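Each chain, letter by letter, is given below.
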Amino acid sequence: MAAIMTSLFAMVKSGDHILLQHDLYGGTHHAALNEFGRYGIEHSMVDVSDLKTFEKAIRKNTKVIYVETPSNPLLKITDLAAVARIAKNHGIVTIIDNTFASPVNQNPIDFGIDVVTHSGTKYIGGHSDICCGAMVSSKKLTEKIKQSAMHFGGSLDAQSCYLVERSLKTIVLRVKQQNENALALAKFLEGESKIGGVYYPGLKNHPGHYIARKQMPGGFGGMLSFEVKGDPDKFIKKLKYIKRAISLGGVESTITSPVKTSHAKLTAAERKHVGKKIKK
Ligand SMILES: Cc1ncc(COP(=O)(O)O)c(C=O)c1O
């Protein structure tokens with residue numbers, strides 16, 4: 001969150017506007033609702049799958065467009081090249097949360113995005129034993145964000161730096177296996193009668209599959225979500241090998257119910273709005 005919030009705050013001042021896609025990691029959603037206004041920063045959250053409506057939401061004072069793809073937890077896909085094109089036409093900086101994809105699967109800078117952020121706590125750390133984050137950008141923007149990072153104080157201790165370095169040695173191998181496992185699991189769940197819907201961009205019937213194939217050349221990631229017909233808690237309790245845990249991207253398989261964890265702070269109406277089905 002330090003990487004995300006520092007990158008955002010480095011680009012704006014009081015009176016500016018940030019346009020965000022509306023389906024986001026719950027922590028970012030909540031941070032936007034609670035932090036921006038206090039500093040006089042306007043924001044709006046709009047469905048980015050409808051690019052025309054999204055572009056119409058740009059204001060004269062919009063300084064940043066913020067996206068997350070695949071999104072947490074519904075794995076919606078945002079067309080990065082299209083968003084970057086719109087932003088460039090309006091002279092707006094683009095920032096992405098690339099956590100769910102990992103740097104192995106998706107490099108948004110290749111598609112014109114300006115600033116890439118990661119929760120390194122996930123795939124980069126990869127062993128569920130560090131909390132860290134990263135941002136990647138041009139020299140000019142990195143310098144700007146670095147100044148704000150020094151002011152806000154989001155820096156990593158030496159032991160965590162050492163652990164990140166250890167983890168980077170295996171990230172490609174880990175993520176490739178996680179891609180394979182998630183695809184196999186998604187295909188299996190699709191055929192199960194007690195499962196309501198499976199959300200994984202690697203499935204051919206996912207609304208964002210075609211775009212994901214283009215912008216995720218490394219693979220579709222290790223995260224998938226699905227609906228159970230019945231009580232999700234009972235379902236989770238019955239799992240033998242998959243543990244309930246709130247983080248992701250580690251070497252162990254974990255499961256969570258977002259309504260109780262990452263998205264618990266959204267109101268029921270907000271969750272319903274963000275979760276509505278997308279057209280293919
Ligand atoms: C997509 C996404 N972005 C950002 C974060 C925040 O990460 P951290 O806990 O490392 O601050 C999370 C955490 O779950 C996440 O899922």
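Every chain begins its residue count from 1, and numbering advances along the sequence as written. Residue-level local features of this predicted model are given only where pLDDT is at least 70; pairs of side-chain atoms are given and counted only at 80 or more, and the full residue set underlies all totals for whole chains, interfaces and linings.

**Q** Sorry, what's going on with the sheet that holds strand β3 (residues 62-68) here?
**A** In any sheet, the strands associate via hydrogen bonds between backbone groups, in a parallel or an antiparallel arrangement. A pair of strands is labelled paired if DSSP reports no fewer than 2 bridges between them. Secondary structure is summarised from DSSP: a helix means a run of H or I of at least four residues, a strand means a run of E of at least two, and numbering begins at the N terminus for each. Strand order in this open sheet of 6 strands is β2-β1-β3-β4-β5-β6, and the pairing throughout is mixed. Strands with a single pairing partner mark the edges of an open sheet, and in this sheet they are β2 (42-46) and β6 (133-136). Within the sheet, the average angular offset between the axes of one strand and its neighbour, ignoring direction, is 20°. Where strand β1 (residues 17-21) and β3 come together, 4 bridges link them in parallel fashion. Axis lines are fitted through C-alpha atoms, for helices just across the contact stretch, and the angle between N-to-C directions can take any value from 0 to 180 degrees.

**Q** I'm lost on the domain arrangement of the protein chain in this one. Help?
**A** Many descriptions give the size of an interface as the accessible area lost when the pieces come together. Residue ranges assigned to the domains are those given by an automatic or database domain assignment. Annotation of the protein chain at the domain level lists domain 1 (2-165) and domain 2 (171-274). Computed over C-alpha atoms only, the centres of domain 1 and domain 2 are separated by 22 Å. Any residue pair is listed as a contact if its two C-beta atoms, each placed from the backbone, are within 7 Å. With 30 residues of domain 1 at the interface, the matching set in domain 2 holds 32 residues. Looking at the side of domain 1 that touches domain 2, the elements with two or more residues in it are α2 (26-36) and α5 (102-105). A per-element tally of the side of domain 1 that touches domain 2 places α2 first, with 4 residues. Here the residues of the side of domain 1 that touches domain 2 are counted per class, giving 13 nonpolar, 13 polar and 4 charged. Gly is put with the polar residues, along with every residue not named as nonpolar or charged; the nonpolar set is Ala, Val, Leu, Ile, Met, Phe, Trp, Tyr, Cys and Pro, and the charged set is Asp, Glu, Lys and Arg.

**Q** Before we go on, may I ask you to explain the nonpolar core in this structure?
**A** Generally speaking, nonpolar side chains in soluble globular proteins are found buried as a group. Membership of the largest hydrophobic core comes to 38 residues, with the highest contact counts inside it found for Leu-8, Ile-18, Val-64, Ile-65, Tyr-66 and Val-83. With 7 residues, the single largest contributor to this core is helix α1 (residues 2-11). Dropping the residues within four chain positions of it, Ile-65 is found in contact with Leu-19, Val-83, Ala-87, Ile-92 and Thr-94. Each nonpolar core consists of buried Ala, Val, Leu, Ile, Met, Phe, Trp, Tyr and Cys residues. Their C-beta atoms, within 7 Å, join them into a set. Any residue with 12 or fewer other C-beta atoms within 10 Å of its own C-beta is exposed, any with 20 or more is buried, and the rest are partly exposed; the C-beta atoms used are placed from the backbone. One finds Ile-77, Leu-189, Tyr-199 and Phe-220 within the second-largest nonpolar core, a separate group that totals 16 residues.

**Q** What exactly am I supposed to notice about the site of the ligand here?
**A** Here, nearness means that the C-beta atom of a residue, built from backbone geometry, sits within 6 Å of the molecule or strand in question. The ligand sits among 13 residues. The nearest are Met-1, Tyr-25, Thr-99, Ser-119 and Thr-121. When the residues that make up the shell around the ligand are grouped by side-chain class, the tally is 4 nonpolar, 7 polar and 2 charged.

**Q** Please clarify how the pairing of β3 should be interpreted in this entry.
**A** Two faces belong to every sheet, and in a regular strand the side chains alternate between them. The buried fraction of β3 is high, at 6 of 7 residues. Strand direction decides the pairing type here: β3 and strand β4 (residues 93-97), joined by 5 bridges, are parallel. For Val-64, the partnering residue across the bridge sits in β4 and is Val-93.

**Q** For this particular structure, what's the right way to read the packing of α1 against helix α6 (residues 139-152)?
**A** A pair of packed helices is characterised by two quantities: the angle between their axes and the separation of those axes. Two elements in contact, α1 and α6, have axes whose closest approach is 9 Å; the angle formed by their N-to-C orientations is 115°. In this structure, α1 meets α6 at a crossing whose hand is right-handed. Residues Ala-2, Thr-6, Ser-7, Phe-9 and Ala-10 of α1 lie in contact with α6, whose contacting residues are Lys-144, Ile-145, Ser-148, Ala-149 and Phe-152. Grouping the amino acids of the contact of α1 with α6 by side-chain chemistry returns 6 nonpolar, 3 polar and 1 charged. Put simply, a crossing is left-handed when the front helix is turned counterclockwise from the back one by less than a right angle, and right-handed when it is turned clockwise.

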